[in-house]
Amino acid sequence: MKYLKSKILDDILGIIPDHPATRIMQISDSGRIITDEDILSQKILDLAIKKEYDFLLYLLEKQSLDSYINKFTIKGIASVKLLDIKRPRYAIGGRLYDFVYLTAYIEENLIEEFTQKIYKIIKGSGLIIILLERNHNNNLQEWFKILEDNYFVATNTLDISKNFDIIISKKMHGWGG
């Protein structure tokens, strides 16, 4: 397991501009890959409270659901839900998100399907930020190819961590499905 330094967490949240009605999603596997992943969730929650943003924390691991609901749910601001990665759609109530932070491990055979589904719930010009553990079955090049094949553009890595490759990619407004 790897850790994220506080400065890195601040940097990857620093890309969120101060705009009203911003919606943020995080997809987490409850610390399976990133030991201090809940610190990122807490920082997103703190930002959502301060700026009155909307925050949805999707968990892939059911065993952590109750504790995360208790810790990260605030009526009208933040909610926690369980996500079955294989379900047909990820949309909840027709909401589109400006920023999606993926801190969970997605199996290689599900990356393309996941990318297609997540594309549909990101606003035009919205960003996906993917944290991949460096040197641990890292499929960085596969992510790049799949993102580009599914209408994400300006895909780059942020070289700010020795433990993680951090991919950032933009959904182009009006492109794709």
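To be clear, the structure that these remarks concern was listed above.
These lines cover the structure that appears in this document, whether it is placed above or below.

Cut-offs applied
Residues numbered from 1 in each chain as written. Predicted model: local features only at pLDDT ≥ 70, side-chain atom pairs only at ≥ 80, totals over all residues. Heavy atoms only, no water. Axes fitted to C-alpha atoms, helices over the stretch in contact; angles between N-to-C directions. Helix = DSSP H or I, 4+ residues; strand = E, 2+ residues; numbered from the N terminus. Parallel < 35°, antiparallel > 145°, perpendicular 65-115°, else oblique. Left-handed = near helix turned anticlockwise from the far one by under 90°. Contact = heavy atoms within 4.5 Å. Nonpolar A, V, L, I, M, F, W, Y, C, P; charged D, E, K, R; others polar. Buried < 20%, exposed > 50% of the residue type's maximum accessible area, 1.4 Å probe, protein only. Phe/Tyr/Trp six-rings, centres within 6.5 Å; stacked < 30°, edge-to-face > 60°. Pairing = 2+ DSSP bridges. Right-handed = clockwise from strand over helix to strand, strands pointing away.

The next thing to look at is the packing of helix α2 (residues 37–51) against helix α3 (residues 65–72). For the pair α2 and α3, the least separation of the axes is 11 Å and the interaxial angle reads 30°. Taken together, the axes of α2 and α3 are roughly parallel relative to one another. Considering the relative orientation of α2 and α3, their crossing is right-handed. Seen from α2, the contacting residues are D38, S41, Q42 and L45; seen from α3, they are Y68, K71 and F72. Here the contact of α2 with α3 is composed, by residue class, of three nonpolar, two polar and two charged.

If you check the backbone angles, E52 has positive phi at about 60° while not being a glycine. A residue is classified by how much of its surface remains accessible, and E52, at 66% relative accessible area, is exposed. Residue S125 is not a glycine yet carries a positive backbone phi of 70°.

Turning our eyes to something else, we now look at the packing of aromatic side chains. Considering all chains together, one arrives at five aromatic pairs under this definition. Relative to Y151, the ring of Y119 has its centre 6.1 Å away and its plane inclined at 55°; by these criteria the two rings are tilted. Pair noted here: Y119 is in helix α4 (residues 111–119) and Y151 is in the loop between α5 (140–149) and β6 (152–158), with a separation of 32 residues, a long-range link. In this structure Y119 comes out as buried when scored by relative accessible area, which is 3%. Given a relative accessible area of 41%, Y151 falls into the partly exposed group. Look at Y119 and F152: their rings are 5.3 Å apart centre to centre, the planes differ by 85°, and that puts the pair in the edge-to-face class. Note that Y119 is positioned in helix α4 and F152 in strand β6, a separation of 33 residues in sequence.

Once that is clear, we can look at the sheet that holds strand β4 (residues 97–102). Pairing is mixed across the open sheet formed by seven strands, whose spatial order is β3-β2-β1-β4-β5-β7-β6. Either end of the sheet is taken by a strand with one partner, and the two such strands are β3 (78–82) and β6. Mean inter-strand twist for the sheet, computed between neighbouring axes without regard to direction, equals 15°. This element, α2, spans β1 (23–28), β2 (54–59), β3 and β4 of the sheet and lies at about 165° to β1.

Turning to the environment of H173, a few remarks are in order. If you trace the backbone, H173 turns up in the segment after β7 (164–171). Sequence separation between H173 and Q63 is 110 residues; the distance between their C-alpha atoms is 37 Å. Residues contacting H173, with those up to four places away along its chain left out, are G124 and S125.

Quick look at the pairing of β2 now. Of all six residues that make up β2, six are buried, and the element is covered over most of its length. Direction of pairing for β1 relative to β2: parallel, over a ladder of six bridges. Bridge pairing in β2 places I27 opposite Y58. In this sheet, β3 lies alongside β2 in parallel orientation, the contact comprising five bridges. Pairing of Y58 across the sheet is with K81, part of β3. The β-α-β motif built from β2, the intervening α3 and the parallel element β3 has right-handed crossover chirality.

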